[in-house]
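Descriptive analysis of the structure
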Number of protein chains: 4
Amino acid sequence: MSSSFGTLFRLTSFGESHGAAVGAIVDGMPPRLQLSADLIQQQLDRRRPGQNKLGTSRNEADAVQILSGVEDGLTLGTPIGLLVANTDQRPRDYGNLQRIPRPSHADYSYQMKYGIQASSGGGRASARETIARVAGGAVAEAFLQQCYGVEIVAWVSAVGTIEAPALDSDSLQRSAVDSSDVRCPDPASAAAMTAEIIAAKAAKDSVGGVISCVCRNLPAGWGEPAFDRLEALLAQAMLSLPATKGFEIGSGFAGARLRGSQHNDLFVAKGNRLGTRTNRSGGVQGGISNGEPLLMRVAFKPTATIGQEQHTADYDGRPALLAAKGRHDACVVPRAVPIVEAMAALVLADLALRQRARG
Amino acid sequence: MSSSFGTLFRLTSFGESHGAAVGAIVDGMPPRLQLSADLIQQQLDRRRPGQNKLGTSRNEADAVQILSGVEDGLTLGTPIGLLVANTDQRPRDYGNLQRIPRPSHADYSYQMKYGIQASSGGGRASARETIARVAGGAVAEAFLQQCYGVEIVAWVSAVGTIEAPALDSDSLQRSAVDSSDVRCPDPASAAAMTAEIIAAKAAKDSVGGVISCVCRNLPAGWGEPAFDRLEALLAQAMLSLPATKGFEIGSGFAGARLRGSQHNDLFVAKGNRLGTRTNRSGGVQGGISNGEPLLMRVAFKPTATIGQEQHTADYDGRPALLAAKGRHDACVVPRAVPIVEAMAALVLADLALRQRARG
Amino acid sequence: MSSSFGTLFRLTSFGESHGAAVGAIVDGMPPRLQLSADLIQQQLDRRRPGQNKLGTSRNEADAVQILSGVEDGLTLGTPIGLLVANTDQRPRDYGNLQRIPRPSHADYSYQMKYGIQASSGGGRASARETIARVAGGAVAEAFLQQCYGVEIVAWVSAVGTIEAPALDSDSLQRSAVDSSDVRCPDPASAAAMTAEIIAAKAAKDSVGGVISCVCRNLPAGWGEPAFDRLEALLAQAMLSLPATKGFEIGSGFAGARLRGSQHNDLFVAKGNRLGTRTNRSGGVQGGISNGEPLLMRVAFKPTATIGQEQHTADYDGRPALLAAKGRHDACVVPRAVPIVEAMAALVLADLALRQRARG
Amino acid sequence: MSSSFGTLFRLTSFGESHGAAVGAIVDGMPPRLQLSADLIQQQLDRRRPGQNKLGTSRNEADAVQILSGVEDGLTLGTPIGLLVANTDQRPRDYGNLQRIPRPSHADYSYQMKYGIQASSGGGRASARETIARVAGGAVAEAFLQQCYGVEIVAWVSAVGTIEAPALDSDSLQRSAVDSSDVRCPDPASAAAMTAEIIAAKAAKDSVGGVISCVCRNLPAGWGEPAFDRLEALLAQAMLSLPATKGFEIGSGFAGARLRGSQHNDLFVAKGNRLGTRTNRSGGVQGGISNGEPLLMRVAFKPTATIGQEQHTADYDGRPALLAAKGRHDACVVPRAVPIVEAMAALVLADLALRQRARG
């Protein structure tokens, strides 16, 4: 089950970094909706390596093929098979990793879990696994957009110690996010973040960051108490991404410092619905969407694979010096923006279908 | 499905705050393990209202009854039915809530989701729902303890702006946590936190807080890539709790500010296993436990139900003044400590069984 | 998961035959539907022991209590807790079973699976476990009836070698089924079946039988290809009942003997929908309901527990003579009629919700 | 979820009959087991069309490709992507089906369910969907064979009214089954069955049949009460196959005609385990394997698509004459033999893993 996500709208994925292909099956996409490979490709292109100087030098087209479930541009209601070939594998780059597990990487824990691992790179733990998420998320987003007008926009709000100022998430568009390679819509912050990533790269080092995400136009009523609350599934979705260390909805950890009288979102009429003056709840109350925009933040640690020498140990516990080769991003957050959007879309599509069932 | 949690070790719960009872079915507990109502009651007693002056004045024994699955103190491998009667219901206290949804509470979103709601109190959204979690978590913990020696200890690390200093989580025991009513093992912090809660209560207000949790003695290898990573399921578990706004594993959001060379946990031999010098990973790499202690933090917002007057709106959007009656905690974190432990135990028990299946 | 059934409309059950209680949680019942304990009790009363001279002498009221999820006679959309106390336990009756496993009963296989078992009676394998199914099925039926006008009627169509003639399942009502204790609506067959059961009982023996079931007024479109086809879930549902050995939908095994030209159900206009002239398909095509009545049959073996002496072996493989004491039915099918109806209702309610989600 | 099968050992499939490909993801295969495309291909070759004169004239190699989860002939424990290209699509053959639904086929019910369908052939309802099952079943069988020595053998036991005599299922091998094109190991029956299929084909008709299946060397203890009993999951698995109408375990419907004293399987020592003298239980007691061979039978109706003229109706209810073109089998059972084996393997692999988890 661990390679599946969702109850009614369900993504199941496969693929190692240096195998033949990565792919996914999307089950539960409603019938008679518009879907094309081009639409999926747009988000894959935002995720793919080699877009610009900030990311890994691995360069793959990551072209997606729809194998089933769609005919004449319309979904059939049957499972959608999605395939992306791996074309730029270089298993040789990773030779010494078979002896020395990379610190803070999945090498050691995979070995302990499975007693075997892919001979090269991250195998299943590689970020290439997220291709399936982005492809599946694009399908989910097509459903959400066509049936509900939902809009999902993520952006880089911090790189290392550089934090972008608060921005108007009610109107933010992906075009503004993509106006910089680092995917921060605030130009000054974007410049500083870019410099920080280049500096880290030059130092054979890496740097962490934070992605923020807003989801607009959700109706009230999505989210399933008790265990599949909207924020709970979002938290699972985001923390299932490689390199993530934290998740916040609405006020997050800062909210824990406040009094109730400061934190509560007071109700007010908004057109013919009830809205809230503030949105510290982040669009969710009692685990259920309240009609306000969803607001969340996801913390990414610095990439574990770095070129600097690290004084660590080999699998036998003997001291070892590791300076990783292979190609990797100095900072994952710019390319992770569409991945965060995809995970949000997968959660929302599933909860939308579950609420529909309630009638 | 939304009232069930877990794949192999599965808790299913029911119960409204002012109905006849709350309860749960624990499915998947292995056979031939020791289990008694007393053992479960210990954690329920740490959660129950009316323990001390810090919490709600609602006072219930919350006595648990084991209805099935255990005979002569041993588990049968069959589902374990758990029941706790509601004895101190006062539905009358909540009269005006039928007209005015409480700000930042579940009233409004439940109404939008279900088109109906329990006539009083939080119904299913009440914190009484967490009784089932604590009871089920105690069963999970019995399994983890008897089969693996796993220890789970949570504590209050912040109340409002008061943060306890870092402490030695390798040796912390529940007895130390319980040495203060506020469940912070650092005496000076505990005193300040207590004062803060009493001040908030006096002001008819509430205050948020943070719970930290450590899980020790896990073997390496627990956690299921890609979507059911250990930290992903923990994040879901914690964010499924009422009033939670954030989750961190290991370095969390602070980790996002670091360089890889600062953040990576270098390997070192520890006895006959491989360990790490530092533990910024929080015990998990690539979604799988690495044998180091799990470290996590959960942010709780201030209780939404406050006695202060709030200028909000009624269900029809008309301005309305609300000063909540009813009984509620000014700060949920002291009583939420065993709940966090329970959710951690439920996640670990499920992942332990899933890894066992791998053989 | 093994104690849960269904994806969106989900029954989770617990309870041993001689423990404190049996019960269930029904999760996924839509809100704002009428539900009362009386309505559930009606089906439980048809299942309960001691109704008449044909069944076991164990006599229990099996009174159901609704613990949550319903207020003022309306469902809240939250999980419904259902409880039935065990009041007539007699664990002493089963003493020698601890040494000798009953032939064709669950004693041996449970011991091999769990390494432990309930000290008396069937434990979890007892037919008392089906109380939870009947209670949950009654909830499912309330949904199906109120939202779709679905009617589900099962009846005894064979006892031993006595087979009732074909009857008009389009109009059959439960009142006609209940006109005889044996629950066969054909009076002549009912008399012969009754005599056969009494004869078996007199001979300290038991006898098998077949239950037929019709479900009317289903819309076309229920059932989920590929693995959760309507007939597949019905087959699972029925074969999950104690003592079942076979399942047929529509023409069943007899259909395998025919040519396609004999078997195909030709289409014909029926009002403003398309119907079929014949119904060898049993109301399902390609795993999906086609708007015709569902028709199915379930084979029950003779009760394994018999009073006659059996030359068998004890747990250590030594020859042993067993003449079972305890109370049991000489033929399970009369009391299993509401259980078959319940399982059908559970399957249909789940598939109805899943089709709703498709929008 | 409907395209996934299994809890821990999980097959998820996709693919229409005339799309680009069919395929599957197998999740949960334990690591460090031997697996090759050749091994999977063996079972696919037994299923593929065009093997001999009995089946459809559609001729496809159905060559399987392993896309992930295996390296150097060993499983990694990660999901296994399996792909089979569709190479011989002829969508034009099915033109008039867009106006007239085929009697007893999925055309009409799919249209009612999805409001859209694949423009040609059976789409998702086609028997080509079973390729994914056979491929996934071969993976399951590799696990069962290497870890437990389980043997699964299915054969054709009836075609139309021709029934093969009982045979010694304890020693039956696939080679004996494959000694005739019709896959009945009894030569005289095989000849009669072959003649019957050829006669049906000549008459532009089709004929039904029965497949029997034995699973040997299972340990006692597999199967999960209450709802995921071994026979319940087998029943679901088999009734999820296209064209199936019935399922029996052990004595089946014939067992319902017996008295308990005739039906019970008396225990006897067999080496150092407890066995039974007879096996009317079919290897399962109380939903759990008892160590005796599993015995089951599956009824298949005659193929719905026939060349004879049928007086039916079009989608608008107007009388219409249909004489199907396209390529199809006059009798599905010979090619369904490996499919039945695959479904049995998938059920057993899942239950084996679930029992392992019990520890």
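Everything numeric here is computed off the predicted structure, so don't read it as measured data.

It is worth spelling out the packing of aromatic side chains at this point. Taken as a whole, this structure holds 22 aromatic pairs over all chains when the rule is applied. Seen from their ring centres, F9 of chain A and F143 of chain A are 6.5 Å apart, and the 15 degrees between their planes marks the pair as stacked. A residue pair is termed long-range when its members are at least 10 positions apart, and F9 of chain A in the loop between β1 (4-5) and β2 (10-14) and F143 of chain A in helix α3 (residues 130-148) qualify at 134 residues. Considered together, F9 of chain A and F143 of chain A belong to a single accessibility category, that of buried residues. Clustering of aromatic rings is evident, with ring pairs tying together F9, F143, Y148 and W222 of chain A. The aromatic ring of Y114 of chain B is capped on one face by K113 of chain B, whose charged end is 5.9 Å from the ring centroid.

Turning next to the sheet that holds strand β3 (residues 21-27) of chain C. All names here are of chain C. Ordered by their spatial adjacency, five strands build an open sheet running β1-β2-β3-β7-β4, and the pairing between neighbours is antiparallel. Two strands bound the open sheet, and with one partner strand each, they are β1 (4-5) and β4 (64-66). Two elements, β4 and strand β7 (residues 80-85), share three bridges in a ladder whose sense is antiparallel. Among the inter-strand pairings, V64 is bridged to a residue of β7, identified as V84. In this fold helix α1 (residues 37-47) packs onto β4 and β7, with an angle of close to 150 degrees to the strand it touches most, β4.

Between chain D and chain C, the residue contacts involve 109 residues of the former and 109 residues of the latter. Summed over both sides, the interface between chain D and chain C buries roughly 8,200 Å², with carbon and sulfur atoms accounting for 57% of that surface. When the area that chain D buries against chain C is broken down by residue, the three leading residues are K113, F227 and K245 of chain D, summing to 11%. For the interface between chain D and chain C, the tally reads six salt bridges. Of the charged contacts in the structure, one is a salt bridge between E196 of chain C and R259 of chain D, with a shortest N-O distance of 3.1 Å. Among the residues making up the side of chain D that touches chain C, the classes are represented as 47 nonpolar, 38 polar and 24 charged. Two elements, strand β11 (residues 244-249) of chain C and strand β11 (residues 244-249) of chain D, share three bridges in a ladder whose sense is antiparallel. The partner of F247 of chain C across the bridge, within β11 of chain D, is F247 of chain D.

This part covers the pattern of salt bridges. Going through the model one piece at a time under the given rule, you end up with 88 salt bridges over all chains. Taking the shortest distance from any N to any O, the salt bridge between E163 of chain A and R257 of chain B comes out at 2.9 Å. Here the residue E163 of chain A occupies a position in strand β9 (residues 162-163), and R257 of chain B occupies one in the loop between α7 (252-255) and α8 (260-263), the pair thus bridging two chains. Since its relative accessible area comes to 38%, R257 of chain B is described here as partly exposed. In this structure, R128 of chain B engages D62 of chain B in a salt bridge whose closest nitrogen and oxygen atoms are separated by 2.8 Å. Remark: D62 of chain B occurs in the loop between α1 (37-47) and β4 (64-66) and R128 of chain B occurs in the loop between α2 (107-114) and α3 (130-148); sequence separation between them is 66 residues. Judged by its relative accessible area of 4%, R128 of chain B is buried. With a relative accessible area of 2%, D62 of chain B lands in the buried category. Residues joined in a network through salt bridges with shared partners are R46, E141, R174, D178, R183 and E341 of chain A.

Turning to the UniProt feature "binding site: FMN" (unreviewed entry) in chain A, a few remarks are in order. All names here are of chain A. Under the UniProt annotation, the feature "binding site: FMN" (unreviewed entry) is placed at R124, A125, S126, G286, K301, P302, T303, A304, T305 and R327. With respect to the helices and strands, the residue A125 is situated in the loop between α2 (107-114) and α3. For A125, a relative accessible area of 11% gives the class buried. In this structure A125 touches A106 and Y110, once residues within four positions along its chain are discounted. Within the secondary structure layout, T305 lies in the loop between β16 (294-300) and β17 (310-313). For T305, the residues in contact, after removing those within four places along its chain, are R102, H105, A324, K325 and H328.

Now for the relation of the copies chain D and chain C. The relation between the two chain copies is a rotation about an axis coupled with a shift along that axis. Least-squares fitting of chain D to chain C yields an RMSD of 0.0 Å, with the superposition described by an axial translation of 0.0 Å and a rotation of 180 degrees. In symmetry terms, the pair is related by a two-fold rotation axis. Both copies share a contact surface, since 100% of the interface residues of chain D are interface residues in chain C too.

Turning our attention to the interface of chain A and chain B. In this complex, chain A contributes 109 residues to the contact, which on the side of chain B involves 109 residues. Between chain A and chain B lies a buried interface of about 8,200 Å² when both sides are counted; carbon and sulfur atoms form 56% of it. Of all residues in chain A, the largest losses of buried area upon contact with chain B belong to K113, F227 and K245 of chain A, amounting jointly to 11% of the total for that side. K113 of chain B serves as the salt-bridge partner of E224 of chain A, at 2.9 Å between the closest nitrogen and oxygen. Our count for the chain A to chain B interface comes out at 55 residue pairs in polar contact (both at pLDDT 80 or more).

Spatial strand order, β9(A)-β8(A)-β10(A)-β16(A)-β11(A)-β11(B)-β16(B)-β10(B)-β8(B)-β9(B): 10 strands in an open sheet with antiparallel pairing. Both edges of this open sheet fall to β9 of chain A together with β9 (162-163) of chain B, since each of them pairs with a single strand only. In this structure, strand β11 (residues 244-249) of chain A lies alongside β16 of chain A, joined through five bridges in antiparallel fashion. Following the sheet pairing, G246 of chain A is matched in β16 of chain A by A299 of chain A. Taken strand by strand, helix α9 (residues 333-358) of chain A contacts β8 (151-159), β10 (209-216) and β16 of chain A, and its axis lies near 140 degrees from that of β8 of chain A. Of the strands in this sheet, β11 of chain A together with β11 (244-249) and β16 (294-300) of chain B touch helix α6 (residues 230-239) of chain B, which is tilted by about 160 degrees from β11 of chain B.

What follows concerns the relation of the copies chain A and chain B. Structural alignment of chain A on chain B gives an RMSD of 0.0 Å, achieved by rotating through 180 degrees and translating 0.0 Å along the axis. Comparing interface residues between copies, 100% of those in chain A also lie at the interface in chain B; the contact surface is shared.

The next thing to look at is unusual backbone geometry. A226 of chain B follows P225 of chain B through a cis peptide bond whose omega is 5 degrees. Looking at the element boundaries, A226 of chain B is found in the loop between β10 (209-216) and α6. One non-glycine residue, R32 of chain C, adopts positive backbone phi at about 70 degrees. Structurally, the position occupied by R32 of chain C is in the loop between β3 and α1.

Conventions used here
- Residues numbered from 1 in each chain as written.
- Chains lettered and ligands numbered in written order.
- Predicted model: local features only at pLDDT ≥ 70, side-chain atom pairs only at ≥ 80, totals over all residues.
- Heavy atoms only, no water.
- Phe/Tyr/Trp six-rings, centres within 6.5 Å; stacked < 30°, edge-to-face > 60°.
- Helix = DSSP H or I, 4+ residues; strand = E, 2+ residues; numbered from the N terminus.
- Buried < 20%, exposed > 50% of the residue type's maximum accessible area, 1.4 Å probe, protein only.
- Lys NZ or Arg CZ within 6 Å of the ring centre and 35° of its normal.
- Pairing = 2+ DSSP bridges.
- Contact = heavy atoms within 4.5 Å.
- Axes fitted to C-alpha atoms, helices over the stretch in contact; angles between N-to-C directions.
- Buried area = accessible area lost by both parts, 1.4 Å probe.
- Salt bridge = Lys/Arg side-chain N within 4 Å of Asp/Glu carboxyl O.
- Nonpolar A, V, L, I, M, F, W, Y, C, P; charged D, E, K, R; others polar.
- UniProt positions renumbered as here; feature names shortened; annotations may be inferred.
- Least-squares fit on C-alpha atoms with pLDDT ≥ 70 in both.
- Polar contact = N/O pair within 3.5 Å; in protein donor to acceptor, adjacent residues only side chain to side chain.

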